[in-house]
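# Working through the structure, step by step
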Amino acid sequence: MDATSTPVLSARDLHKRYGGVGAPIDALRGVDLDLGAGEFVAIMGASGSGKSTLLHLLAGLTTADRGSVHIGGSDLAAMNDRSLTRFRRARLGMVFQAYNLIPVLSARENVALPLSLAGTPAQRANEQADAALATVGLAERADHLPDQLSGGEQQRVAIARALVGDPAIILADEPTGNLDSVAGEMVCRLLAQLNAEHDRTLLLVTHEPAVARWAQRVLVLADGLVVADFPTAGIADAAALARRYQELVAAGSDA
């Protein structure tokens, strides 16, 4: 992000502890993050590093024990549940590992659903849904039910649903986790295209170097802390990114 620009998303000193049986777990231990408009950033980390917890805090799906999240100048901590729901619907696009499509609704109806819930008239909602499906290359599949679509196509419908409200940011949690390598690369290529050609701001979490390499910048999480932040420019391929990631995790562990 340009040091002179105002971040579209800013998180400061995020802490999150989970209790339960046994010793409490500190999922996040003081995370800072800035995301500039038009950036594509990947958060990498092993299972248990805190990356999904971080994404959920940034989306207002989980409440931090300490710290703040501001999106477009709005303080998530100042909102009640109803305000957060409206804010997510208007400002955030969410893509999950599980596609979260409603089985009895067509692709068009799934994509139009957030608009319908917000009170958009049906014809306009369907027109915007068709435009979003065209953007992800699925115009001809608009009338198909989820079980008539491949996994990659279902995830592209989910991306269209995230796009349809023209959000400030798209947050993606392991978006290729349920896909084979070919479908996963297609989804990554689509996300990169949305960023490069449509200036979409993207933040995704992944443990896969082959996914993270599509981003412009990678944040590395380990044990609830950001231990590195590096650009992907000049990194030749997923294997090179994996080596860089391992080096930085090792250095962070030794610090």
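The paragraphs below set out a description of the structure included in this document.

The rules behind these values
- Residues numbered from 1 in each chain as written.
- Predicted model: local features only at pLDDT ≥ 70, side-chain atom pairs only at ≥ 80, totals over all residues.
- Heavy atoms only, no water.
- Pairing = 2+ DSSP bridges.
- Helix = DSSP H or I, 4+ residues; strand = E, 2+ residues; numbered from the N terminus.
- Contact = heavy atoms within 4.5 Å.
- Axes fitted to C-alpha atoms, helices over the stretch in contact; angles between N-to-C directions.
- Core = buried A, V, L, I, M, F, W, Y, C linked by side-chain atoms within 4.5 Å.
- Buried < 20%, exposed > 50% of the residue type's maximum accessible area, 1.4 Å probe, protein only.
- Expected span 1.5 Å × (residues − 1).
- Polar contact = N/O pair within 3.5 Å; in protein donor to acceptor, adjacent residues only side chain to side chain.
- Phe/Tyr/Trp six-rings, centres within 6.5 Å; stacked < 30°, edge-to-face > 60°.
- Lys NZ or Arg CZ within 6 Å of the ring centre and 35° of its normal.
- Parallel < 35°, antiparallel > 145°, perpendicular 65-115°, else oblique.
- Left-handed = near helix turned anticlockwise from the far one by under 90°.
- Arc of directions from axis to C-beta.

## Brief notes about the sheet that holds strand E2 (residues 25-35)
In space, the four strands of this open sheet follow the order E2-E1-E4-E5, with antiparallel pairing throughout. Edge positions in the sheet fall to E2 and strand E5 (74-75), since each has one partner strand and no second. As paired strands, strand E4 (residues 66-71) and E5 are joined by two bridges and run antiparallel to one another. Residue pairing across strands places histidine 70 opposite aspartate 75, the latter belonging to E5. Sheet contacts for helix H1 (residues 51-58): strand E1 (9-18), E2 and E4; angle to E1, the most-contacted strand, approximately 125°.

## Points about the environment of alanine 168
Along the chain, alanine 168 falls in the loop between helix H5 (151-163) and strand E7 (169-173). Considering only alpha carbons, one finds alanine 168 and leucine 57, 111 residues apart in sequence, at a separation of 16 Å.

## With respect to the sheet that holds strand E8 (residues 202-206)
Working definition: the strands of a sheet are paired by backbone hydrogen bonds and lie parallel or antiparallel to each other. Taken in spatial order, the six strands of this open sheet run E6-E7-E8-E3-E9-E10, and their pairing is mixed. Since the sheet does not close on itself, it has two edges, and those belong to strand E6 (92-96) and strand E10 (225-231), each with one partner. Pairs of neighbouring strands in the sheet enclose a mean axial angle of 15°, with direction left out of account. Direction of pairing for strand E3 (residues 40-44) relative to E8: parallel, over a ladder of five bridges. Looking across to E8, one finds that valine 41 is bridged to leucine 203. Along the sheet, H5 makes contact with E6 and E7, crossing E6 at roughly 165°.

## Remarks on the nonpolar core
Counting residues in hydrophobic clusters, the biggest one holds 49 residues, and the most contacted among them are Phe40, Val111, Leu133, Val157, Ile159, Leu191 and Val218. Per-element accounting of this core gives the leading share, seven residues, to helix H6 (residues 181-198). Residues contacting phenylalanine 40, with those up to four places away along its chain left out, are Leu191, Ala192, Asn195, Leu202, Leu204, Trp214, Ala215, Gln216 and Arg217. Membership of the second largest hydrophobic core comes to 30 residues, among which are Val8, Leu14, Leu35 and Leu92.

## So, H6
Here H6 is 18 residues long and its end C-alpha atoms lie 25 Å apart, about the 26 Å a rise of 1.5 Å per residue gives. Of the positions making up H6, those classed as buried are Ala183, Gly184, Val187, Cys188, Leu190, Leu191, Ala192, Leu194 and Asn195. Contact partners of the buried residues in H6: E3, helix H4 (122-135), H5, E8 and helix H7 (209-212). Its side-chain oxygen 3.2 Å from the backbone nitrogen of valine 182, aspartate 180 forms the N-cap of H6. Just downstream of H6 lies aspartate 199, where phi reads positive at about 60°.

## As for the packing of aromatic side chains
Remark: the centre distance and the inter-plane angle together describe each pair of aromatic rings, the angle taken between the planes. With the rule as written, the count across this model stands at zero aromatic pairs. Lying across the ring of phenylalanine 230, arginine 244 places its NZ or CZ 5.7 Å from the centre.

## Regarding the packing of H5 against H6
Viewed as axis vectors pointing N to C, H5 and H6 meet at an angle of 20°, and their least axial separation amounts to 9 Å. Regarding the angle of H5 to H6, the classification is roughly parallel. For H5 against H6, the interelement crossing comes out right-handed. Packed against H5, whose contacting residues are Gly152, Gln155, Arg156, Ile159 and Leu163, the element H6 presents Ala183, Met186, Val187, Leu190, Leu191 and Leu194 at the interface.

## Some words on H4
Its 14 residues place the ends of H4 20 Å apart at the C-alpha level, agreeing with the 20 Å of an ideal helix rising 1.5 Å per residue. All of the buried residues along H4 are Ala125, Ala129, Ala132 and Leu133. Looking straight down H4, one finds its buried side chains confined to an arc of 100°; they lie on one side. Pointing more than 90 degrees away from the buried face of H4 are the exposed residues Gln123 and Arg124. Residues of H4 that are buried sit in contact with helix H3 (107-117) and H5. Following H4 by one or two positions, glycine 137 adopts a phi angle in the positive range, close to 80°.

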